[in-house]
Amino acid sequence: MAVMRLGYVHARVTDLTDARSHYVDTLGLRPVQEDTGRLLLKAWDEWDHHSVVLEEGGVGLDKLGYKVHDPADLDGFEKRAQQFGCRVERMSKGDNPEVSDGIRIFTPSDHVLELYHDMTLVGSEVGSLNPEVFPRHLVGVGVPNIDHALITAEDVNLMDRFFAEVLDFYTTERVATSLDDDAEYIGTWMSAGQKVHDIAVIKGPQGKLHHFAFELGDWADVLRAGDLFAMDDVSVDIGPTQHGITRGKTIYFFDPSGNRNEVFAGGYRAYPDRPCVTWTPDQLAKGIFYVGRELNERFTSVLT
C-alpha cells in the first residue's frame, strides 16, 4: 500500500474575497471552481483538479487529503486505522468536488485525513507534450505546488506511530528529549516518499494547524516572494531564513484570516533507509531557524 502525496488542504477563512486576493493575486493560484462560500484552487504545475479548498466560515484546518496509489489500498488503510483505534468513515465520490470515493480518518490528534485514489485530471498549465518550463502568465509568487502541512498534537509520539503504522510514513527528523526509546517527542517530520517531509507534527493543542506550505524552486524564488509580500502588505511571521531541520529555505506569513502559510524551497532527498536526524530541545531554535537561532513568541503560540 502506498500514500503518494498530499493532495489537498481544505481550510476555513473568515472572508472569501480577502482570501481570494491573497491566494490568487499574491501567491498565484488559479481558481478552478467557485460555489457559494467555497473556492477551489490549483497551482500551475499541478495536474489534478485542485489542491486548496477555501471555505468561508471560521478559521483553521478543515481536513487534509492524501492521494493513494491504488483504490484497492483503501481497504487496507481502513483496517489499519481501525486497529489503531481511529474512527473511520467511508466517503463517496462527489462528497468532495471532483474527488473519488475514499475513507475519512479521525486521527488521535483530532484532525481529519481523507484518503482517495483519484481526482479529475485537468493538466498542468504547461501541459505534458513538449512543455515549456513555466507558463508566461504567472501571477504574483507563482507557486508551482502544494508541499506539506504542519499540525499540532498533545501526544507527538502517538502521531508519529499513527503515520508510521497506519500510513507507512517514515520519520526523517524529530525533536526528542533523548536518544532513548522512551524519549518524548517535541516534533516529528515524516515522509511518504522521497520528500524531506509530507507532514510534520509538533507538540501543542489538539486539532490545530500551524501552517501549510507551498513549494518554490530555490533561494532566489523565496527572496522574490518576500519582495512580493512587502508589495502586497502580507503579514510576514519570520523570514526569509533557513531551517536546520529539513535544511529548507523559508518565509512564514499569514493569510488575511490568520492561517499561517509558508513558501519552502530546498531540503534534501529522503529515503526510508536514511537514519533519522534527532534534535534536542536545547537546540530547537537553531533547528527551526538555523541562521537567527531564535524563536519568536508568535511562531510557537499562534495556531488556527
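Predicted model, so just to flag it, every value in this text is computed and none were measured.

**Describing helix α1 (residues 16-26)**
What α1 keeps buried is the set Leu16, Ala19, His22, Tyr23, Val24 and Thr26. N-cap assignment for α1: the residue whose side-chain oxygen lies 3.0 Å from the backbone N of threonine 17 is aspartate 15. Of the residues flanking the end of α1, it is glycine 28, one or two places downstream, whose phi is positive at about 90°.

**What about unusual backbone geometry?**
Cis peptide bonds are those with omega within 30 degrees of zero, and the linkage from glycine 239 to proline 240 qualifies with 5°. By the secondary structure assignment, proline 240 is in strand β14 (residues 235-242). In this model, asparagine 130 sits at a positive phi of 45°, which is unusual for a non-glycine residue. Tracing the backbone through its elements, the reader meets asparagine 130 in the loop between β8 (112-116) and β9 (145-153). Positive phi values are uncommon outside glycine, yet threonine 246 reaches one of about 80°. Among the structural elements, threonine 246 can be located in the loop between β14 and β15 (248-254).

**Let's talk about the environment of phenylalanine 77**
Locating phenylalanine 77 in the fold gives a position in helix α2 (residues 73-84). Accessibility expressed as a relative area gives 0% for phenylalanine 77, which makes it buried. Phenylalanine 77 sits 222 residues away from phenylalanine 299 along the chain, and the two C-alpha atoms are 34 Å apart.

**Regarding the side chain of serine 257**
Positionally, serine 257 belongs in the loop between β15 and β16 (260-266). There is a polar contact of 2.8 Å between the side chain of serine 257 and the backbone nitrogen of threonine 14. Apart from residues no more than four positions distant in its own chain, serine 257 is found in contact with Val13, Thr14, Asp15 and Val59.

**Some thoughts on the side chain of serine 100**
Within the secondary structure, serine 100 sits in the loop between β6 (87-91) and β7 (102-106). For serine 100, the side chain forms a polar contact with the main-chain nitrogen of histidine 117, separated by 3.2 Å. Setting aside residues no more than four positions away along its own chain, serine 100 makes contact with Met91, Ser92, Lys93, Tyr116, His117 and Asp118.

**Some points on the pattern of salt bridges**
In the structure shown here, the tally under the stated rule is 21 salt bridges. A salt bridge links glutamate 34 to arginine 20, with the shortest nitrogen-to-oxygen separation between them at 2.3 Å. One end of the pair, glutamate 34, is in strand β2 (residues 30-35); the other, arginine 20, is in helix α1, with 14 residues separating them in the sequence. Between arginine 80 and aspartate 168 there is a salt bridge, with the nearest N and O atoms lying 3.1 Å from each other. Residue arginine 80 is found in helix α2, and its partner aspartate 168 is found in the loop between α3 (156-167) and β10 (170-176); the two are separated by 88 residues along the sequence. Given a relative accessible area of 25%, arginine 80 falls into the partly exposed group. The structure contains a network of salt bridges with shared partners spanning Lys63, Arg87, Glu89, Arg104 and Glu114.

**Points about the sheet that holds β10**
Within the open sheet, the nine strands sit side by side as β14-β15-β16-β13-β9-β12-β11-β10-β17. Their pairing is mixed. Strands at the two margins of the open sheet, each flanked by one partner only, are β14 and β17 (277-279). Direction aside, neighbouring strands of the sheet carry axes that sit 20° apart on average. Where β10 meets β17, three bridges bridge the pair, whose relative direction is parallel.

The rules behind each value
Residues numbered from 1 in each chain as written. Predicted model: local features only at pLDDT ≥ 70, side-chain atom pairs only at ≥ 80, totals over all residues. Heavy atoms only, no water. Buried < 20%, exposed > 50% of the residue type's maximum accessible area, 1.4 Å probe, protein only. Helix = DSSP H or I, 4+ residues; strand = E, 2+ residues; numbered from the N terminus. Polar contact = N/O pair within 3.5 Å; in protein donor to acceptor, adjacent residues only side chain to side chain. Contact = heavy atoms within 4.5 Å. Salt bridge = Lys/Arg side-chain N within 4 Å of Asp/Glu carboxyl O. Pairing = 2+ DSSP bridges. Axes fitted to C-alpha atoms, helices over the stretch in contact; angles between N-to-C directions.

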